[in-house]
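Below, each chain spelled out in residue letters.
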Amino acid sequence: EAGVTQFPSHSVIEKGQTVTLRCDPISGHDNLYWYRRVMGKEIKFLLHFVKESKQDESGMPNNRFLAERTGGTYSTLKVQPAELEDSGVYFCASSQVRGRYNEQFFGPGTRLTVL
Amino acid sequence: DAKTTQPTSMDCAEGRAANLPCNHSTISGNEYVYWYRQIHSQGPQYIIHGLKNNETNEMASLIITEDRKSSTLILPHATLRDTAVYYCIVRIRTDSWGKLQFGAGTQVVVTP
């Protein structure tokens, strides 16, 4: 079974540009989460989808960040315009809504560098 | 969700058991204790979780005190591949299962 995949693995952009990160969850997982770790800080929650609906977006830092999950499958996270402080590693995770463990499976992350 | 306290770092000799403590003195009755780890340059990985009983799986054992105010993750035979940051997370159960709140974790270094 394929795990959570994220694309790209690395992205280097200049301040003011736009970047779109993509996450493909494990097939059949209705829960999809975005997290990020900025330099020297802890991993922080950004957003939680249940299917295509935003269940919790309390962690989204500001309106430069837009997450979508059309059709309830893959998700994208767009940063527009990117700022220097957006640099970090962005993780996506997925899990089953109903399940005994609700183990969240994480992808390898996208390392974003804003110059 | 309740807050957790973990040591910043600890070393462990290869082949020995690693015992990772976690304090969660404000945990409520419907909150679970989860453990994840992050090996360098990878995404976090689920290890184990429990509510009040001790739990064991192929990766580790989780010992929760009777008052549930603390717990210990046990890696029975640490290997070099177990070098990682280990996170103890307290999490309430909801219908759709919400976010994980990561703290600073414990940096575990397994040495030969």
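For the structure given in this document, a descriptive report is provided here. The structure displayed is predicted, hence computed values, not measured ones. (Residues numbered from 1 in each chain as written. Chains lettered and ligands numbered in written order. Predicted model: local features only at pLDDT ≥ 70, side-chain atom pairs only at ≥ 80, totals over all residues. Heavy atoms only, no water.)

### Things to note about the interface of chain B and chain A
Counting from both sides, the interface comprises 21 residues of chain B and, opposite them, 24 residues of chain A. Summing both sides of the interface, chain B and chain A together bury roughly 1700 Å²; the carbon and sulfur share of this comes to 50%. Counting across the interface, chain B meets chain A through zero salt bridges. Joining chain B to chain A, the criterion identifies six residue pairs in polar contact (both at pLDDT 80 or more). Contributing elements (two or more residues each) for the side of chain B that touches chain A: β3 (31-38), β4 (45-50) and β8 (84-92) of chain B. Take the side of chain B that touches chain A: its biggest share by element is three residues, from β3(B). A class-by-class count of the residues in the side of chain B that touches chain A yields nine nonpolar, eight polar and four charged. (Contact = heavy atoms within 4.5 Å. Buried area = accessible area lost by both parts, 1.4 Å probe. Salt bridge = Lys/Arg side-chain N within 4 Å of Asp/Glu carboxyl O. Polar contact = N/O pair within 3.5 Å; in protein donor to acceptor, adjacent residues only side chain to side chain. Helix = DSSP H or I, 4+ residues; strand = E, 2+ residues; numbered from the N terminus. Nonpolar A, V, L, I, M, F, W, Y, C, P; charged D, E, K, R; others polar.)

### Observations regarding the state of the cysteines
If you walk through the whole model with that rule in mind, you get two disulfides over all chains. Linked covalently through their sulfurs, Cys23(A) and Cys92(A) form a disulfide whose S-S length is 1.8 Å. The sign of the S-S torsion, about -60 degrees, decides the handedness of the disulfide formed by Cys23(A) and Cys92(A): left-handed. With a gap of 69 residues between them, Cys23(A) in strand β3 (residues 19-24) and Cys92(A) in strand β9 (residues 88-95) connect regions that are remote in the sequence. Neither residue differs from the other here; Cys23(A) and Cys92(A) are each classed as buried. Through a disulfide, Cys22(B) is tied to Cys88(B); the S-S separation comes to 2.1 Å. Residues Cys22(B) and Cys88(B) share a disulfide whose torsion about the S-S bond is about -80 degrees; that sign makes it left-handed. Pair noted here: Cys22(B) is in strand β2 (residues 18-23) and Cys88(B) is in strand β8, with a separation of 66 residues, a long-range link. Cysteine Cys12(B) shares no disulfide, and the gap to the nearest cysteine sulfur, in Cys22(B), comes to 18 Å. By relative accessible area, Cys12(B) is classed as buried at 7%. (Disulfide = S-S within 2.5 Å. Buried < 20%, exposed > 50% of the residue type's maximum accessible area, 1.4 Å probe, protein only.)

### Overview of the pairing of β3(B)
Residue and element names in this part refer to chain B. Among the eight residues of β3, eight are classified as buried, and the element is accordingly described as predominantly covered. What you see with β3 is no split at all: Glu-31, Val-33, Trp-35 and Arg-37 on one side and Tyr-32, Tyr-34, Tyr-36 and Gln-38 on the other are buried throughout. Here β3 runs beside β8; their pairing, made up of eight bridges, is antiparallel. Within β8, the position partnered with Gln-38 by the bridge is Val-85. Note that β3 and β4 share five bridges and pair antiparallel. Its bridge partner being in β4, Tyr-34 is matched across the sheet by His-49. Counting the residues in the hairpin turn of β3 and β4 gives six residues, including Ser-41, whose phi is positive at 70 degrees. (Pairing = 2+ DSSP bridges.)

### Notes on unusual backbone geometry
Residue and element names in this part refer to chain A. The linkage connecting Phe-7 with the following residue, Pro-8, adopts the cis geometry, with an omega of -5 degrees. Checked against the element boundaries, Pro-8 lands in the loop between β1 (5-7) and β2 (10-13). The peptide bond linking Gln-80 to Pro-81 adopts the cis configuration, its omega dihedral lying at -10 degrees. Locating Pro-81 in the fold gives a position in the loop between β8 (75-79) and β9.

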